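Next come the chains, spelled out residue by residue.
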Amino acid sequence: MEQYVINENGEKVLAGSRRPDGTIRKERRIRAGYTPQEEQPTYQSTGALWKQGVPKCPGLDSSAAAAASASAKSKAAKKNEKRKAKKADGPAGGDGAAAPSSSSTQAAAPKPAAAATAASSSAASSTAAAAPAAAAAAEGPAAVLDRQIKALSKKVRQCQALNTRAAAGEALSAQEQEKLGKMPGWQEEIKDLEHQLANMLV
């Protein structure tokens, strides 16, 4: 840190000095109120300042207070300490055969979990498949026929839109052409379902 001096005018200045190449560095004036970074006090938060100002109980042993704060650890910190101690004691405490068996049980643990998730997903899919059947049984045959007619009508409308696109000269994909091929069958099916619905309502 460079030391400043006070000149004859009462200003703080950094004294001139000689550079290694022999040239002279002129003195530099220091602005009034400037504090060099090395001399600036370190920042302390309001919480730290508050802790410093808290009066201590007379007769309180500071080592006992430090021990109490060290013992007040969170559950996670205690759990981590136990895990570290167990890991440190594991290889040294037992023979070589004991350690792999524990790791093999740990490796085997995810397999039942994976099987459980697979079973739950298959159960969910079977329940999802069974839900429409149960709903269909509850609705009655007329409602089921009506819903089937609506679904087929939607497919026919999509095919008609594809026909208009094809007529406009737009190229259709293989899937779209396959869908157009199914349109007459869907129209026949709609007629049959409408006939069945009409017979039911009579």
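Keep in mind that what you see is a predicted model, and the values were worked out from it rather than measured.

This paragraph deals with the nonpolar core. The biggest cluster of nonpolar side chains holds 13 residues, and the ones touching the most others in it are Ile-149, Leu-152, Cys-159, Leu-180, Trp-186, Ile-190 and Leu-193. Mapped onto this core, the elements with two or more residues apiece are helix H6 (141–167) and helix H7 (174–201). Contact partners of Ile-190, with chain neighbours within four places excluded, come to Ile-149, Leu-152, Ser-153 and Val-156.

Ordered in space as S1-S2-S5, the three strands form an open sheet in which the pairing is antiparallel. Of all strands in the sheet, those with a lone pairing partner are strand S1 (4–6) and strand S5 (28–29), marking the two edges. As paired strands, S1 and strand S2 (residues 12–14) are joined by three bridges and run antiparallel to one another. Along S2, the bridge assignment pairs Val-5 with Val-13.

A few words on the environment of Arg-25. Relative to the helices and strands, Arg-25 resides in strand S4 (residues 24–25). The spatial distance from the C-alpha of Arg-25 to the C-alpha of Ala-15 is 8.6 Å, given a sequence separation of ten residues. Residues in contact with Arg-25, not counting those within four places in the same chain, are Gly-16, Ser-17 and Arg-19.

What follows is about the pattern of salt bridges. Inspection of the entire model under this criterion finds four salt bridges. Of the charged contacts in the structure, one is a salt bridge between Glu-178 and Lys-182, with a shortest N-O distance of 3.9 Å. Highlighted residues: Glu-178 and Lys-182, both in helix H7, separated by four residues, approximately one helical turn. When its relative accessible area of 45% is taken as the criterion, Lys-182 is described as partly exposed. The network of salt bridges with common partners includes Arg-165, Glu-170 and Glu-176.

Moving on, we come to the UniProt feature "domain: WIBG Mago-binding" (unreviewed entry) in the chain. Under the local residue numbering, the UniProt record ascribes the feature "domain: WIBG Mago-binding" (unreviewed entry) to residues 10–36. With 0% helix and 33% strand, residues 10–36 has its two end C-alpha atoms placed 18 Å apart.

Moving on, we come to H6. For H6, with 27 residues, the first-to-last C-alpha span of 39 Å sits near the 39 Å given by 1.5 Å per residue. Along H6, the residues that are buried comprise Val-144, Leu-145, Ile-149, Leu-152, Val-156, Cys-159 and Leu-162. Just past H6, the residue Gly-169 takes up positive phi, approximately 100 degrees.

Now for H7. Think of an α-helix as turning once every 3.6 residues; residues three or four places apart then point the same way. Its 28 residues give H7 an end-to-end C-alpha distance of 40 Å, which sits within 8% of 40 Å, the value for a rise of 1.5 Å per residue. Buried residues of H7: Leu-180, Met-183, Trp-186, Ile-190, Leu-193 and Leu-197, and no others. Buried residues along H7 sit in contact with H6.

What counts as what
Residues numbered from 1 in each chain as written. Predicted model: local features only at pLDDT ≥ 70, side-chain atom pairs only at ≥ 80, totals over all residues. Heavy atoms only, no water. Core = buried A, V, L, I, M, F, W, Y, C linked by side-chain atoms within 4.5 Å. Buried < 20%, exposed > 50% of the residue type's maximum accessible area, 1.4 Å probe, protein only. Helix = DSSP H or I, 4+ residues; strand = E, 2+ residues; numbered from the N terminus. Contact = heavy atoms within 4.5 Å. Pairing = 2+ DSSP bridges. Salt bridge = Lys/Arg side-chain N within 4 Å of Asp/Glu carboxyl O. UniProt positions renumbered as here; feature names shortened; annotations may be inferred. Expected span 1.5 Å × (residues − 1).

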